[in-house]
Amino acid sequence: MPHKVIAGNWKMNGAQTALSEIAAISLVAGSLTCKTILCPPTTLTHLAVGMVDSIGIGGQNCHHELEGPHTGDISAEMIAEAGAQYVIVGHSERRENHGETDALVQAKAKAALRAGLMPIICIGETLSQREDGQAISVVSTQFIMSVPTQANIIIAYEPVWAIGTGVLPSLAQITKMHDVIRALLIKTYGKQGESVPILYGGSVKPNNAQGIFGVANVNGALVGGASLKASDFIPIMQALSDS
Ligand code: PGA
């Protein structure tokens, strides 16, 4: 069985005043049956690492190269040196806003593994792709082209149209896609593919988490907006732990 994983993606939110939220989340995380990960902005990585013991800290993106003339970028090794253990790669906001291709996402996932980080690899279709009946083929292609050869990864299925919109796919739609991803994981990694966590992401909230976590092959969630406040995130963590 895959580990249950709940990951918070703070995106470009959070100043040092938000560290109290991380402390509150960490206090609860130790007593739960799931792994909790928080990905604050890079400016908080080192501080966050220093104040938690029961949650993992992750970056939100990394460059695929070790070092070099890439102003404003940060390597996976630098994120690891700051004490993080995870890094999100291929989030749809990076794919859209920064033109990241599947090949680049795969290079970033490999860089993460090179640095000893576990990549959280995001895949997901847009609304028009779903309306055109292309959701499964788009996500399958993204998966095949974005994953590295090692199975030491976490997959996050995030339909772009559900991110930050309050719109949730039906449980049947989530079930179908997670089953497809599990089959792809097993095809790619054999037995190891059975234990790679598949997270659902997109408008996960305290009031819908329990239903989502009841879906087969949903092993947790990648949570944006509702991870910013401990009072929202903790009930979601608890729902996963109880599932
Ligand atoms: P959301 O974001 O929970 O705010 O919809 C999810 C994500 O982008 O990872």
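As shown above, the structure is provided for reference.
Just so it is clear, the structure is predicted and the values come from calculations on it, not from any experiment.

Here helix α1 (residues 19-29) crosses helix α10 (residues 230-242) at 20 degrees, and the two axes come no closer than 10 Å. In terms of orientation, α1 lies roughly parallel with respect to α10. For the pair α1 and α10, the sense of crossing is right-handed. Contacts between α1 and α10 involve Glu21, Ala24, Ile25, Val28 and Ala29 on the former and, on the latter, Ala230, Phe233, Ile234, Met237 and Gln238. Here the contact of α1 with α10 is built from residues that sort into 8 nonpolar, 1 polar and 1 charged.

Burial of strand β6 (residues 154-157) is two-sided: the residues Ile154 and Ala156 facing one way and the residues Ile155 and Tyr157 facing the other way are all buried. Where strand β5 (residues 118-123) lies against β6, 4 bridges are found, and the strand directions are parallel. Paired with Cys122 across the two strands is Ala156, which belongs to β6. Where β6 lies against strand β7 (residues 198-201), 3 bridges are found, and the strand directions are parallel. Its bridge partner lying in β7, Ala156 is registered against Leu199. Each parallel crossover has a hand, and the one from β6 via helix α8 (residues 171-189) to β7 is right-handed.

Now for the sheet that holds strand β3 (residues 56-59). Pairing is parallel in the closed barrel, where 8 strands are placed in the order β1-β2-β3-β4-β5-β6-β7-β8. Ignoring strand direction, the axes of neighbouring strands in this sheet form an average angle of 25 degrees. Summarising the sheet, strand β2 (residues 35-39) and β3 pair through 2 bridges and their orientation is parallel. In the strand pairing of β3, Leu38 is matched with Ile57. Sheet strands in contact with helix α5 (residues 102-114) are β4 (86-89) and β5, and its direction is about 160 degrees off that of β5.

It is worth spelling out the environment of Val87 at this point. Mapping Val87 onto the fold places it in strand β4. Once the C-alpha coordinates of Val87 and Lys108 are considered, the two residues, 21 residues apart in sequence, prove to be 9.4 Å apart. Those residues in contact with Val87, other than ones at most four positions away along the chain, are Gly59, Gln60, Asn61, Cys62, Ile79, Ala112, Leu117, Met118, Pro119 and Ile120.

Before going further, it helps to examine the packing of helix α7 (residues 135-146) against α8. At a closest axis distance of 11 Å, the pairing of α7 and α8 adopts a crossing angle of 35 degrees. Note that α7 runs across α8; the crossing there is right-handed. Contacts between α7 and α8 involve Ala135, Ile136, Val139, Ser140, Phe143 and Ile144 from the former and Lys176, Met177, Val180, Ile181, Leu184, Leu185 and Thr188 from the latter. When grouped by side-chain class, the residues that make up the contact of α7 with α8 number 10 nonpolar, 2 polar and 1 charged.

Moving on to α7. A rise of 1.5 Å per residue sets the reference length of α7, with its 12 residues, at 16 Å; its end C-alpha atoms lie 16 Å apart and thus fit the reference within 8%. Taken together, the buried positions of α7 are Ala135, Val138, Val139, Ser140, Gln142, Phe143 and Ser146. Buried residues belonging to α7 abut α4 (92-97), α5, β5, α6 (127-131), β6 and α8.

For the rest of this paragraph, the subject is the site of the ligand. Neighbouring residues of the ligand: 13 residues in total, closest Lys11, His91, Glu158, Gly164 and Ser203. Note that an oxygen atom of the ligand is positioned 2.7 Å from one of the side-chain N or O atoms of Glu158. Between Ser203 and the ligand, the recorded distance is 2.8 Å, taken from a backbone N or O atom to an oxygen atom. Summarising the interface, the protein chains cover 97% of the accessible area of the ligand, which totals 280 Å² for the free molecule. Looking at the shell around the ligand residue by residue, the classes come out as 4 nonpolar, 7 polar and 2 charged.

All right, on to α1 then. Taken together, the buried positions of α1 are Leu19, Glu21, Ile22, Ile25, Ser26 and Ala29. Angularly, the buried residues of α1 cover 150 degrees about the axis, an arc narrow enough to put them on a single face. Summarising the contacts, the buried residues of α1 are in contact with β2, α2 (42-51) and α10.

Rules used throughout
Residues numbered from 1 in each chain as written. Predicted model: local features only at pLDDT ≥ 70, side-chain atom pairs only at ≥ 80, totals over all residues. Heavy atoms only, no water. Axes fitted to C-alpha atoms, helices over the stretch in contact; angles between N-to-C directions. Helix = DSSP H or I, 4+ residues; strand = E, 2+ residues; numbered from the N terminus. Parallel < 35°, antiparallel > 145°, perpendicular 65-115°, else oblique. Left-handed = near helix turned anticlockwise from the far one by under 90°. Contact = heavy atoms within 4.5 Å. Nonpolar A, V, L, I, M, F, W, Y, C, P; charged D, E, K, R; others polar. Buried < 20%, exposed > 50% of the residue type's maximum accessible area, 1.4 Å probe, protein only. Pairing = 2+ DSSP bridges. Right-handed = clockwise from strand over helix to strand, strands pointing away. Expected span 1.5 Å × (residues − 1). Near = heavy atom within 4 Å. Polar contact = N/O pair within 3.5 Å; in protein donor to acceptor, adjacent residues only side chain to side chain. Areas by Shrake-Rupley, 256 points an atom, 1.4 Å probe, with all protein chains shown as cover. Arc of directions from axis to C-beta.

That is the geometry; function is a separate question.
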